[in-house]
Amino acid sequence: NYVDELEKSLNVNIINEGVPADTTRDVLARLDQDVLSRDPKTVIVFIGGNDELRRIYESLQNSAANQNLEDELDEFVRERLGLQWDQVPLISRTESTQNLRTIVRRIQDTGANTIVVGFDNNIFNNMVYDNYQTVADQTGSIFIPDIYDDIFARPSRMSDLIHPNNAGYDIIADRIESGLECVI
């Protein structure tokens with residue numbers, strides 16, 4: 001994973017509090033206990049993909065319902081991704097952006113630096129990328145643009161449809177490392 005690669009490369013201790021399938025709402029709910037209680041100096045804010053994937057799933061499910069393919073879609077998602085997206089809450093893009101902004105500000109209120117990781121790259125629309133860049137600009141966070149550029153849709157860099165493999169995570173680590181070097 002990219003966290004292990006960053007630790008090795010920078011010779012620093014990084015605590016990974018990421019939880020699979022977490023939404024921005026989940027991160028906000030556990031921010032104090034899991035992150036702020038550790039008194040971090042810098043926090044990499046790499047969240048929101050699950051919010052977007054849940055919205056994509058909702059669109060696909062509506063389309064599948066029109067064709068009586070809901071069961072097939074659910075089975076495909078469970079088998080290929082190991083997830084049950086119908087159990088992840090549907091969060092509006094507006095709420096996702098507000099949650100991101102609140103998370104960043106609460107981290108910064110403790111005196112910690114923040115690195116906001118942006119994503120887009122054809123799977124998500126530009127509005128997502130623009131929202132992340134805006135939050136980073138408004139909060140004075142370091143912004144890592146388009147983290148998945150040249151990773152998504154490249155089988156040699158993906159372990160499944162949404163997760164990078166080791167080669168993909170190496171690229172992600174390199175991109176985040178440049179932001180971390182500014183604050184360590």
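Preceding this section is the structure that the text describes.
Note on numbering: residues in each chain are counted from 1, in written sequence order. At least 70 in pLDDT is required for a residue's local features to be given in this predicted model, at least 80 for side-chain atom pairs to be given and counted, and no such filter applies to totals for whole chains, interfaces and linings, which use all residues. No hydrogens and no water enter the side-chain calculation; it runs on all heavy atoms of the structure.

> Help me understand the pairing of strand β1 (residues 42-45) in this model?
The two faces of a sheet get side chains in turn, since along a regular strand they alternate between them. Here β1 shows a buried face lined by Val43 and Val45 and an unburied face lined by Thr42 and Ile44. The pairing of β1 with strand β2 (residues 113-117) spans 4 bridges and is parallel. Across the sheet, the residue bridging to Val45 is Val116, located in β2. Residue burial is assigned from relative accessible area. The probe radius is 1.4 Å, only protein chains are included, and a residue is buried under 20% of its type maximum, exposed over 50%, and partly exposed in between. Strands here mean DSSP runs of E at least two residues long; helices mean DSSP runs of H or I at least four residues long; both are numbered from the N terminus. Strand pairing is assigned whenever DSSP detects at least two bridges linking the two strands.

> I keep staring at the nonpolar core and nothing clicks. Help me out?
Ranked by internal contacts, the top residues of the largest apolar core, which has 39 residues, are Leu6, Val45, Ile103, Ile107, Ile147 and Ile176. Sorting the residues of this core by element identifies α1 (2-10), α2 (24-34), β1, α5 (93-109), β2, α6 (126-139), β3 (142-144) and α7 (166-181) as the ones contributing at least two each. Residues are treated as being in contact if the distance between any of their heavy atoms lies within 4.5 Å. When residues no more than four places from it in sequence are discounted, the contact partners of Ile107 are Leu31, Leu36, Val43, Val45, Ala112, Asn113 and Thr114. Here, nonpolar core means buried Ala, Val, Leu, Ile, Met, Phe, Trp, Tyr and Cys residues that are tied together by side-chain atoms lying within 4.5 Å of each other.

> Help me understand the packing of aromatic side chains, please; the structure alone is not making it clear to me.
Describing an aromatic ring pair means giving the distance of the ring centres and the angle of the ring planes. Pairing of aromatic side chains here covers Phe, Tyr and the six-membered ring of Trp, requires ring centres within 6.5 Å, and sorts the geometry by plane angle: under 30 degrees stacked, over 60 edge-to-face, intermediate tilted. One pass over the structure, following the stated rule, counts 7 aromatic pairs. Measuring from ring centre to ring centre gives 5.5 Å for Tyr2 and Phe46, while their planes differ by 55°; the resulting arrangement is tilted. Linking Tyr2 in helix α1 with Phe46 in the loop between β1 and α3 (49-66), this pair joins segments that are 44 residues apart in sequence. Here the aromatic residues Tyr2, Phe46, Phe119, Tyr132, Tyr148, Phe152 and Tyr169 are joined through ring pairs into a cluster of three or more.

> Even after reading the chapter, I still don't get the sheet that holds β1, so can you show me in this structure?
Strand pairing in a sheet relies on backbone hydrogen bonds, with the paired strands running either antiparallel or parallel. Spatial ordering of the open sheet is given by β1-β2-β3, a layout of 3 strands whose pairing is parallel. Of all strands in the sheet, those bounded by a partner on one side alone are β1 and β3. Neighbouring strand axes in the sheet, compared pairwise and without regard to direction, differ in orientation by 20° on average. Angles shown run from 0 to 180 degrees and are taken between the N-to-C directions of axes, each axis being a line fitted to C-alpha atoms and, for helices, limited to the stretch in contact. Each of β1, β2 and β3 is contacted by α7, which is oriented at about 170° to β3, the strand it contacts most.

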